[in-house]
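Letter by letter, the chains look like this.
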Amino acid sequence: MEYIRIPGLDKPLSRLIFGTSRREEKVSDMIPLLDEYIRAGGNVIDTAMYYNGGESESVLGQWMEERGNREQLVIITKGCHPTKEEPNRVSPEMINQDLAGSLKRLRVEYVDLYLLHRDDPSQPVGPLVETLNEHIAAGRIKQIGVSNWSWQRIEEANEYAEKHGLKGFV
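Predicted model only: the values in this text are computed from it and were never measured. (Residues numbered from 1 in each chain as written. Predicted model: local features only at pLDDT ≥ 70, side-chain atom pairs only at ≥ 80, totals over all residues. Heavy atoms only, no water.)

1. What to know about the pairing of strand E6 (residues 111–116)
And then number 1: Among the 6 residues of E6, 6 are classified as buried, and the element is accordingly described as predominantly covered.
And then number 2: As judged from the 4 bridges shared by strand E5 (residues 74–79) and E6, these two strands associate in the parallel manner. Considered in E6, the bridge of Gly-79 is made with Leu-116.
And then number 3: With helix H3 (residues 92–106) bridging E5 and its parallel neighbour E6, the resulting β-α-β unit is right-handed.
And then number 4: Here 5 bridges tie E6 to strand E7 (residues 141–146), and the two strands are oriented parallel to one another. Directly across from Leu-113, in E7, lies its bridge partner Gln-143. (Buried < 20%, exposed > 50% of the residue type's maximum accessible area, 1.4 Å probe, protein only. Helix = DSSP H or I, 4+ residues; strand = E, 2+ residues; numbered from the N terminus. Pairing = 2+ DSSP bridges. Right-handed = clockwise from strand over helix to strand, strands pointing away.)

The structure is reproduced here in structure tokens:
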């Protein structure tokens, strides 16, 4: 297995990442796959509060608890994904709500990398970066990033973070 490093994370990351968003099978079917992935040297698991209505995180949390392997893993999870009921979910309030739910389902105190799953360009980046940094300071998140954001918005957020002495997206 090949590994990479992300600044600010104390563990190397396997280049092969295990994703948990399979919808066409029972989520619990991922347990033997997770075991085999770990045996092969993998250590990065990607999930999200949106995947299978949170069930992917719940199964992963139960698996980690049963195996006692949380500290050997790099957990990536995501929040702020729009839904039909809530199409505008990119806000400090949604970050707080989604992260709290993810930590509870995952049965962990922190995630290694927390990503904002989608963007809403109508939202200013400052409050988003500030809220994420509050969670970093509290120890609930090690590093932050985004998924499905334009490079311009990423640059804007990272410039805001640098100007205000905060961590930006890795």
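2. Re the pattern of salt bridges
Note on pairing: side chains with opposite charge can pair once their charged atoms come close.
And then number 1: Enumeration according to the criterion identifies 12 salt bridges in this entry.
And then number 2: A salt bridge links Lys-11 to Asp-112; the nearest nitrogen and oxygen atoms lie 3.5 Å apart. Of this pair, Lys-11 sits in the loop between strand E1 (3–4) and strand E2 (13–14) while Asp-112 sits in strand E6, and the two are 101 residues apart along the sequence. Just as Lys-11 is buried, Asp-112 falls in that class too.
And then number 3: Arg-107 serves as the salt-bridge partner of Glu-65, at 2.7 Å between the closest nitrogen and oxygen. Remark: Arg-107 occurs in the loop between H3 and E6 and Glu-65 occurs in helix H2 (residues 55–67); sequence separation between them is 42 residues.
And then number 4: Here Glu-65 falls in the exposed class, since its relative accessible area comes to 52%.
And then number 5: Put simply, Lys-11, Arg-70 and Asp-112 are held in one network by salt bridges that share partners. (Salt bridge = Lys/Arg side-chain N within 4 Å of Asp/Glu carboxyl O.)

3. Remarks on the sheet that holds strand E3 (residues 17–19)
And then number 1: Here 5 strands make up an open sheet; going across it, the order is E3-E4-E5-E6-E7 and the pairing parallel. A single partner strand is all that each edge strand has here, and the edge strands are E3 and E7. Averaged over all pairs of adjacent strands, the angle between strand axes in this sheet comes to 25°, irrespective of strand direction.
And then number 2: Where E3 lies against strand E4 (residues 44–46), 3 bridges are found, and the strand directions are parallel. Note on E4: the bridge partner recorded for Gly-19 is Asp-46.
And then number 3: The strands touched by helix H4 (residues 125–137) within the sheet are E6 and E7, with E7 carrying the most contacts at an inclination of about 155°. (Axes fitted to C-alpha atoms, helices over the stretch in contact; angles between N-to-C directions. Contact = heavy atoms within 4.5 Å.)

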